[in-house]
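Each chain, written out:
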Amino acid sequence: MRKLLSVALVAFAGWLLWRWYERETLAEGEATVHLQSEHEHFHLHVDLPPGMEIQPGDTLEILSMPNINGQTHGEISYQSPIKLYKASWLRRTLIKKSSLVEVNELVEHP
């Protein structure tokens, strides 16, 4: 009986950790999107509204695209509604730590 209770407690703790890891909060707003498309490269920069900041683990969703036909010449800017999904503290911390390990592996690689 004691083993079953221990297994159930470990499973419950694992479930709680998973729920904490997966937890996200949503912030919505209007942002300016700068789209730069040239022959050699493609860049997308977003000017977030005041108070919004992207951190490790966060996801930014741009909800609209400009009406363009064919290629863009140089840079175009447009307004778009956005959704910023903020990662939990646990996810943010794990992503920071794993990213540092990956950067160190790249730097130390012969």
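Above this text you will find the structure in question.
Throughout this document, residue positions are counted from 1 along each chain, in the order its sequence is written. pLDDT decides what is reported in this predicted model: residues at 70 or higher carry local features, side-chain atom pairs at 80 or more are listed and counted, and totals for whole chains, interfaces and linings draw on all residues regardless. Note: side-chain values were computed over all heavy atoms of the structure, leaving out hydrogens and water.

1. A closer look at the packing of aromatic side chains
Note on ring pairs: Phe, Tyr and Trp rings are taken, using the six-membered ring of Trp, and paired if centres are within 6.5 Å. Classes follow the plane angle, with under 30 degrees stacked, over 60 edge-to-face and the rest tilted. Enumeration over the complete set of coordinates arrives at three aromatic pairs. Look at phenylalanine 12 and tryptophan 15: their rings are 5.9 Å apart centre to centre, the planes differ by 25°, and that puts the pair in the stacked class. Taken as a pair, phenylalanine 12 and tryptophan 15 lie in helix α1 (residues 2-22) at a separation of three residues, close to a single helical turn. For phenylalanine 12, a relative accessible area of 46% gives the class partly exposed. When its relative accessible area of 46% is taken as the criterion, tryptophan 15 is described as partly exposed. Taking the ring centre of tyrosine 21 as reference, the NZ or CZ of arginine 91 above it sits at 4.7 Å. Numbering goes from the N terminus for both helices and strands, where a helix is a DSSP run of H or I of at least four residues and a strand is a run of E of at least two. Remark: exposure states derive from per-residue accessible area (1.4 Å probe, protein chains only) relative to the maximum for the residue type, with buried under 20%, exposed over 50%, and partly exposed in between. Note on geometry: a ring has a charge over it if NZ (lysine) or CZ (arginine) is within 6 Å of the ring centre and within 35 degrees of the ring normal.

2. Notes on the environment of methionine 65
Following the sequence through the fold, methionine 65 ends up in the loop between β3 (59-62) and β4 (74-87). Linking methionine 65 and glutamate 108, residues 43 residues apart in sequence, is a C-alpha distance of 41 Å.

3. Observations concerning the side chain of arginine 91
Looking at where arginine 91 falls in the secondary structure, it is placed in helix α2 (residues 89-108). With a relative accessible area of 13%, arginine 91 lands in the buried category. Note on contacts: a residue pair is in contact if any heavy atoms of the two residues lie within 4.5 Å. Every residue in contact with arginine 91, bar those within four places of it in the chain, is listed here: Tyr21, Glu22, Glu24 and Gly57.

4. Focus on the pattern of salt bridges
A pairing counts as a salt bridge when a side-chain nitrogen of Lys or Arg comes within 4 Å of a carboxyl oxygen of Asp or Glu. Applying the stated rule across the entire model yields four salt bridges. Of the charged contacts, one joins glutamate 22 and arginine 91 as a salt bridge, the two residues approaching to 3.2 Å between their closest N and O atoms. Here glutamate 22 is found in helix α1, whereas its partner arginine 91 is found in helix α2, with 69 residues between them in sequence. By relative accessible area, which is 34% here, glutamate 22 ends up partly exposed. The salt bridge partner of glutamate 24 is arginine 91, with a shortest N-O separation of 3.7 Å. Placement of glutamate 24 in strand β1 (residues 24-37) and of arginine 91 in helix α2 is noted, with a sequence separation of 67 residues between them. A residue is classified by how much of its surface remains accessible, and glutamate 24, at 37% relative accessible area, is partly exposed. Counted as one network, the salt bridges with shared partners bring together Glu22, Glu24 and Arg91.

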